[in-house]
Amino acid sequence: MQVVVLLAGVVDPKWRLGTLGLRPGTAQVEDTALPRKLSPFDEAALETALQLRDADAAVTVTAILTGGAESDGLLRAVAAFRPHRAFRFGDAAMSLWDPATAARLLGAAVRAATEAPALVLMGREFGDSDDGVLAPALAEAEGWAFCGLAHRVALRDGDILLHRTRGARDEILHRRPPAVVSITNERGNRLRHPLMKNVMLARRAPVEVVAPPTAPPPALALRAIAAVPPAQRGGAGRVLTGPVAAQVEELAAYLRASTTGAA
Amino acid sequence: MHDLCALIPLGDPSVADPFAAVAAAAAIAARSGGRVRAILLGRVPDADAIAAAERDGATDILSAAHAGLSEPPQAEHLLAAFEHLLAAETADTLFLLPAGAVGEELAARLAIRLRGVPLGRCTSLDRDGGQVTARRASHGGRAEARLTTQAPRCFASLRRPAAAPAAPGAARREIMLDCPLPNDVPPPEIRHTAGEQARRLEGARIVVTGGRGMAGAEGFALLRDLAALLDAATGASLPAVDAGWASVGQQVGQSGAFVTPDLYLAFALSGTAQHLAGIGLNARIVAVNSDPEAEIFRVADLGLVAPWQEVVPELIERLRAR
Ligand SMILES: Cc1cc2nc3c(=O)[nH]c(=O)nc-3n(C[C@H](O)[C@H](O)[C@H](O)COP(=O)(O)OP(=O)(O)OC[C@H]3O[C@@H](n4cnc5c(N)ncnc54)[C@H](O)[C@@H]3O)c2cc1C
Ligand SMILES: Nc1ncnc2c1ncn2[C@@H]1O[C@H](COP(=O)(O)O)[C@@H](O)[C@H]1O
């Protein structure tokens, strides 16, 4: 059973974005100088794939990281978890802003891994520009089944079993392969640590790169991107000092004043 | 110029504010003109839903009912029914769906099925001639992107705008649908989570949230006691969910619930952009953090520089004594 996990990485959230912008004359984001990490959802999707592999010898895991050479360090970090195969797909110029184009490219990436994918896993958000469109867009573009925001995945008799939480209800869904599943973070899918031995091996191994097909001009054009200051919020910004007991008394009074009439 | 049409799935309590899409469409129309259509889709005709859509500014309401829909409806069924309803749609249209897991999945899938452009969750949308301009948050809310398209059909999800224009009154039409719904996707097994999510984050007037600094499930148990005293919902930052101290449904932020309480009590969380992205701008934030340099104090109405261990038990005691 072929499991493909698609990874995008994000700019390290602790890093300042001051230099973020478009490459002059293009619709491509210039962020190659900023350090990259796997996002929590990349990590959750990768761990989910590794657990499926650990549970079933018939599962083959291919990990695909999108991006250019700036992502090679991240690909090596992924390879250290010993998926059956790991490759980088694309180049720094590949833009995933137009979902229809992105879905086509991601479909090609999956096909570069296998002609018969059973399960494609990806994070609930794919990289820094996606808010959850790309996974369902890929499923629709390929005619594959879809489940969004799962946090636990199991394979049973060729069927895919998915746990997810929606509002106040927990759901267990069944999907027949091939399916795209987007993964959200949970305690059960926190990424394990790789063996140091495998980290060293991955550091020396060559990086496999698959070139993307040429994409048609996107219907949705990225015109500008820039860092923005934190949203303005009202608020007194009063920070209490002094003995904690007095601070707590003041907080209690604040809460009483805020909640009278409410309860 | 693109028409505006809100697509409203009914019958799923996890869609916290289905008519947000109508209000968002009305706000766009107030800026750039045009009528605001709303298509409501549910298992049975719903007079309350029609009234709500009208209140939020719809001028043409189509209420469509399909007896084959379950409650809550399956995404695949909603997709088939909306696809059927939109088949006759020829005019250039900007379709709006309510922000949240359900609306966002529907927007993305409908767009690809109907060869439109999915715009994702937008912070603002403008139409000018044949062009649609969308603004979206990226990089965890630390950056903003501006995107344009000439595509005739666009699909976006939006949150309820801060200010609502006056509702002009609506023309209403009701239809019963009997288009085939796919029967190859089994319905989910549904379990209602007990206890801790009894109070929904969305819609709560007070939210009590814990972060990584809570350092364990015991601290979260105390936060739940505090929340019970305040009739508040309990939330968590991503690391707290990862640690298993709170459930996935309690995550607040860019990648979790968007909450709009009056009061947001933040314990032992640092106040990253990704977390603040899940808190409405009108919420007053109260922060308790042992680090006086914590970012959260920059956005707090009231801050306590103290370890939560010295604050929470005592606060509970004082509130009990009131
Ligand atoms: C793509 C992406 C999406 C993300 N989405 C989200 C999201 O939706 N929601 C989210 O929350 N995060 C999200 N994150 C994670 C985010 O970047 C931060 O890692 C996270 O918000 C930090 O959580 P925290 O404030 O609990 O932890 P920390 O940043 O580690 O802060 C812990 C705080 O606790 C304080 N503290 C420690 N001990 C005590 C004590 N005894 N008493 C009082 N205070 C104490 C510390 O001073 C510190 O300020 C996302 C990240 C990425 C990359
Ligand atoms: N080699 C690695 N590659 C990718 N992620 C890792 C690696 N080692 C640890 N992690 C993850 O990185 C996170 C810790 O991030 P940080 O605290 O920012 O160093 C944890 O979620 C780990 O699971």
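Here, the structure is the one placed above.
Residues numbered from 1 in each chain as written. Chains lettered and ligands numbered in written order. Predicted model: local features only at pLDDT ≥ 70, side-chain atom pairs only at ≥ 80, totals over all residues. Heavy atoms only, no water.

J.: Even after reading the chapter, I still don't get unusual backbone geometry, so can you show me in this structure?
T.: Looking along the chain, the bond that leaves P177(A) and enters P178(A) is cis, with omega of -5°. Take P178(A): it is sitting in the loop between β11 (169–175) and β12 (179–183). P72(B) follows E71(B) through a cis peptide bond whose omega is 0°. Its place among the elements puts P72(B) in the loop between β3 (60–66) and α3 (75–86). The phi dihedral of R82(A) is positive, around 60°, even though this residue is not glycine. Phi at H139(B) takes a positive value of approximately 50°, unusual for a residue other than glycine. By the element assignment, H139(B) lies in the loop between β7 (131–138) and β8 (143–149). Classification of H139(B) as buried rests on a relative accessible area of 5%. (Helix = DSSP H or I, 4+ residues; strand = E, 2+ residues; numbered from the N terminus. Buried < 20%, exposed > 50% of the residue type's maximum accessible area, 1.4 Å probe, protein only.)

J.: What exactly am I supposed to notice about the side chain of S138(B) here?
T.: Relative to the helices and strands, S138(B) resides in strand β7. Of the polar contacts made by the side chain of S138(B), one reaches the side chain of H139(B); its length is 2.9 Å. When sequence neighbours within four positions are dropped, the list of residues in contact with S138(B) reads W97(A), D128(A), S129(A), I225(A), A143(B) and E144(B). (Polar contact = N/O pair within 3.5 Å; in protein donor to acceptor, adjacent residues only side chain to side chain. Contact = heavy atoms within 4.5 Å.)

J.: Explain the sheet that holds strand β2 (residues 36–42) of chain B here, please?
T.: Each strand in a sheet pairs with another by means of backbone hydrogen bonds, the pair being arranged parallel or else antiparallel. All names here are of chain B. Pairing is parallel across the open sheet formed by seven strands, whose spatial order is β5-β9-β4-β1-β2-β3-β10. One side of each edge strand has no neighbouring strand; the edge strands of this open sheet are β5 (117–121) and β10 (171–177). If you compare each strand with its neighbour and ignore which way they point, the axes differ by 20° on average. Its contacts with the sheet put α3 on β1 (3–9), β2, β3, β4 (93–98), β9 (153–158) and β10, and the angle it makes with β2 is roughly 140°. (Pairing = 2+ DSSP bridges. Axes fitted to C-alpha atoms, helices over the stretch in contact; angles between N-to-C directions.)

J.: What am I meant to see in the pattern of salt bridges here?
T.: Pairing is possible between side chains of opposite charge, provided their charged atoms come close. Counted by the stated rule, this structure contains 38 salt bridges over all chains. Its salt-bridge partner being E249(A), residue R318(B) comes within 2.1 Å of it at the nearest N-O pair. One end of the pair, R318(B), is in helix α8 (residues 308–320); the other, E249(A), is in helix α6 (residues 244–259), on a second chain. For R318(B), a relative accessible area of 23% translates into the label partly exposed. Given the relative accessible area of 30%, E249(A) is considered partly exposed. Two residues, E54(B) and R172(B), come together in a salt bridge whose shortest N-O distance is 2.5 Å. One end of the pair, E54(B), is in helix α2 (residues 47–55); the other, R172(B), is in strand β10, and 118 residues separate them in sequence. Taken together, the shared-partner salt bridges connect E140(A), R166(A), R175(A), E76(B), E83(B), E105(B), R109(B) and R113(B) into one network. (Salt bridge = Lys/Arg side-chain N within 4 Å of Asp/Glu carboxyl O.)

J.: Sorry, what's going on with the site of ligand 1 here?
T.: Close contacts around ligand 1 come from 28 residues, with R212(B), S237(B), S270(B), T272(B) and N289(B) the closest. Nearby residues place ligand 1 at the junction of chains A and B. Contacts to ligand 1 include A268(B), whose backbone N or O atom sits 3.1 Å from an oxygen atom. Contacts to ligand 1 include H275(B), whose side-chain N or O atom sits 2.8 Å from an oxygen atom. Contact with the protein chains hides 83% of the accessible area of ligand 1, taken as 980 Å² for the molecule alone. For the shell around ligand 1, a count of residues per class yields eleven nonpolar, 14 polar and three charged. (Near = heavy atom within 4 Å. Areas by Shrake-Rupley, 256 points an atom, 1.4 Å probe, with all protein chains shown as cover. Nonpolar A, V, L, I, M, F, W, Y, C, P; charged D, E, K, R; others polar.)

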